[in-house]
Amino acid sequence: LTIAKESTDQKITAYNPDLIKQKQDYEQFLLEFEFALLNEEIELFYQPQYTCQNKLIGFEGLFRWPNNNFPQYNVGQIIGFIEKTPMIHQLGAYVLEKAMKFAYDINQNRTELLTVGVNLSAYQIMSPNFVEIIETFIEKYQIKPGMLDLEITETSLMEDFETNIVKFKHLKSLGFKISLDDFGTGYSSLNYLANLPLSTVKIDQSFIRQLSQQTRYQTLVRLIIDAAHSLDLEVIAEGVETQAELEILENLHADYIQGYYFSKPLPEKQAYALTH
Ligand code: C2E
Ligand code: CA
Ligand code: CA
């Protein structure tokens with residue numbers, strides 16, 4: 001019945017054992033996820049980011065749930081499920097705390113700071129105490145500007161746009177980096193580049209995938225990189241998998257590279273080992 005009620009199209013939902021099974025799986029999934037979160041079984045993996053000359057500059061934190069009973073769901077789908085529940089606030093705070101603790105650990109006795117990127121979800125940003133939560137962890141883990149990069153997308157800002165911008169203007173004024181994730185998907189208006197309080201643009205991997213096959217995409221990526229640079233923004237290319245892609249991006253003056261070519265997301269210990 002719930003599935004029939006939630007369905008937005010006008011079709012009649014007949015009794016369907018598959019749907020019932022789906023619903024049961026979903027509810028079981030939520031229960032087990034909540035348990036895993038409370039038991040700290042949710043881990044943050046870290047994917048290193050480099051300059052084109054192979055110098056480590058930081059990491060992006062990506063959560064993983066090892067040994068879960070739902071291997072059929074990928075990380076993007078899991079986030080989609082959790083975002084429909086209040087658990088997104090717990091998960092969001094959990095990820096922020098883990099990432100900032102890691103940022104503290106890897107930057108001990110370091111002069112050139114390494115950045116740790118954290119993905120933020122729309123509901124998390126809209127929460128009235130979003131900034132307060134971040135500031136609490138910043139203080140707890142002595143996070144300096146240059147150690148934290150907050151990754152946002154156009155869609156994560158869309159609802160309550162004006163209020164969200166005020167929050168990020170404040171965080172940017174404290175010196176923390178703000179990255180626009182998945183640029184090149186959705187509307188990707190150049191307006192965003194000019195008007196959001198950003199430090200970095202992350203070019204989506206769907207663009208990178210086309211680079212070595214289509215010179216038209218090289219032209220497009222060159223335009224994005226030049227536009228970003230003329231607005232004093234840095235550029236990270238995401239999902240770089242091959243030497244050919246790396247060479248093209250280096251020629252187009254991309255600042256940083258993230259992708260399987262250098263490394264997959266790594267468990268915390270392995271990521272830490274790269275820094276010492
Ligand atoms: P994203 O933020 O765009 O993260 C990049 C995704 O691309 C990651 O997928 C990463 O593993 C994958 N990737 C990196 N390099 C390559 C490459 O060279 N080739 C290919 N094919 N893929 C590459 P992942 O970890 O499955 O995460 C999927 C999405 O889930 C993320 O996309 C992000 O939107 C979301 N997500 C992950 N962790 C978190 C989190 O802690 N909080 C929130 N709110 N969202 C998260
Ligand atoms: Ca991201
Ligand atoms: Ca991305």
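Our structure's up above, just so we're on the same page.
Quick summary incoming for the structure in this document. Fair warning: this is a prediction, and the values are worked out from it, not measured in the lab.

When helices and strands are tallied, the chain shows 13 helices and 8 strands. In terms of overall size, the chain behaves like a compact globule, its C-alpha atoms giving a radius of gyration of 20 Å where 276 residues would be expected to give roughly 19 Å. Its C-alpha atoms give the chain principal-axis dimensions of about 60 × 45 × 40 Å. Taken across its 276 residues, the chain has 46% of its residues classed as buried. With the model as given, the accessible surface of the chain reaches about 14,800 Å², and the carbon-plus-sulfur share is 52%. If the 22 positive side-chain charges of the chain are averaged to one point and the 37 negative ones to another, these points end up 2 Å apart.

It is worth spelling out the coordination of the calcium ion (ligand 3) at this point. Those donors, Asp181 (OD), Asp182 (OD), Glu238 (OE) and Glu238 (OE), are the protein atoms that reach the calcium ion (ligand 3), and they lie 2.2 to 2.7 Å from it. In primary-sequence terms, the residues that donate to the calcium ion (ligand 3) follow D-D-x55-E. Separation of the calcium ion (ligand 3) from the calcium ion (ligand 2) amounts to 4.0 Å, with aspartate 181 serving as a shared donor to the pair. With aspartate 181 in strand E5 (residues 177–183) and glutamate 238 in the loop between strand E7 (234–237) and helix H12 (243–251), the pair connects residues that are 57 residues apart, well separated along the chain. Glutamate 238 gets classed as buried once you look at its relative accessible area, which sits at 10%.

The next subject is empty space enclosed by the protein. Within the structure shown, the criterion is met by 1 cavity of 30 Å³ or more. The space that makes up the largest cavity amounts to roughly 70 Å³. Among the elements of the structure, strand E2 (56–64), strand E3 (115–119) and E7 are those that each provide at least two residues to the lining of the largest cavity. Element by element, the count of residues in the lining of the largest cavity is highest for E3, at 3 residues. Here the residues of the lining of the largest cavity sort into 5 nonpolar, 4 polar and 3 charged.

A few words on the site of ligand 1. Taken together, 22 residues lie near ligand 1, and Gln47, Arg64, Asn119, Glu241 and Tyr260 sit nearest. One nitrogen or oxygen atom from the side chain of aspartate 181 is found 3.0 Å from an oxygen atom belonging to ligand 1. In the model, a nitrogen atom of ligand 1 is placed 2.5 Å from a nitrogen or oxygen of the glutamate 241 side chain. Protein coverage of the free-state accessible area of ligand 1, which is 800 Å², stands at 81%. With respect to the detected pockets, ligand 1 is housed in the largest pocket.

A separate point is the coordination of the calcium ion (ligand 2). When a metal carries six donors in an octahedron, the ideal angles between them are 90 or 180 degrees, while four donors in a tetrahedron ideally lie at 109.5 degrees. At this site the calcium ion (ligand 2) is bound by Glu60 (OE), Asn119 (OD1), Glu151 (OE) and Asp181 (OD), with donor distances of 2.1 to 2.3 Å. Of note, the calcium ion (ligand 2) draws all its donor residues from one chain, in the sequence arrangement E-x58-N-x31-E-x29-D.

Our focus in this paragraph is the layout of surface pockets. Quantified by volume, the largest pocket comes out at close to 1,000 Å³. In terms of lining, the largest pocket is formed by 43 residues, of which the most central are Glu60, Leu62, Asn119, Asp181 and Asp182. For the lining of the largest pocket, a count of residues per class yields 16 nonpolar, 17 polar and 10 charged.

Turning our attention to the nonpolar core. The nonpolar side chains of a soluble globular protein tend to be buried, and buried together. Counting residues in each nonpolar core, the largest one holds 80 residues, and the members touching the most others are Phe29, Phe33 and Phe168. Looking at this core, the element that brings in the most residues is helix H4 (residues 87–106), giving 11 residues. In this structure phenylalanine 168 touches Leu120, Ile125, Phe130, Leu150, Ile152, Leu157, Ile178 and Pro197, once residues within four positions along its chain are discounted.

Before going further, it helps to spend a moment on the pattern of salt bridges. Tallied over the entire structure, the rule returns 11 salt bridges. In this structure, the salt-bridge partner of lysine 202 is glutamate 151, at a minimum N-O distance of 2.7 Å. Of this pair, lysine 202 sits in strand E6 (residues 200–203) while glutamate 151 sits in strand E4 (residues 148–152), placing them 51 residues apart in sequence. Residue class for glutamate 151 comes out buried when judged on its relative accessible area of 2%. What emerges from the salt-bridge pattern is a single network uniting Glu60, Glu151, Lys202 and Glu238.

Calculation rules
Residues numbered from 1 in each chain as written. Chains lettered and ligands numbered in written order. Predicted model: local features only at pLDDT ≥ 70, side-chain atom pairs only at ≥ 80, totals over all residues. Heavy atoms only, no water. Helix = DSSP H or I, 4+ residues; strand = E, 2+ residues; numbered from the N terminus. Rg over C-alpha atoms; globule rule 2.2 N^0.38 Å. Buried < 20%, exposed > 50% of the residue type's maximum accessible area, 1.4 Å probe, protein only. Areas by Shrake-Rupley, 256 points an atom, 1.4 Å probe, with all protein chains shown as cover. Lys, Arg positive; Asp, Glu negative; His and termini not counted. Charge placed at Lys NZ, Arg CZ, Asp CG, Glu CD. Donors = N, O, S within 2.8 Å, 3.2 Å for Na, K, Ca; no water. 1 Å grid on protein atoms, 1.4 Å probe; cavity = no way out; pocket = protein on both sides within 12 Å on 5 of 7 lines; lining within 4 Å. Points joined across faces, edges and corners; volume = space filled by probe spheres on them. Nonpolar A, V, L, I, M, F, W, Y, C, P; charged D, E, K, R; others polar. Near = heavy atom within 4 Å. Polar contact = N/O pair within 3.5 Å; in protein donor to acceptor, adjacent residues only side chain to side chain. Sits in = over half its atoms within 2 Å of the grid points. Core = buried A, V, L, I, M, F, W, Y, C linked by side-chain atoms within 4.5 Å. Contact = heavy atoms within 4.5 Å. Salt bridge = Lys/Arg side-chain N within 4 Å of Asp/Glu carboxyl O.

Distances and angles like these do not, on their own, reveal function.
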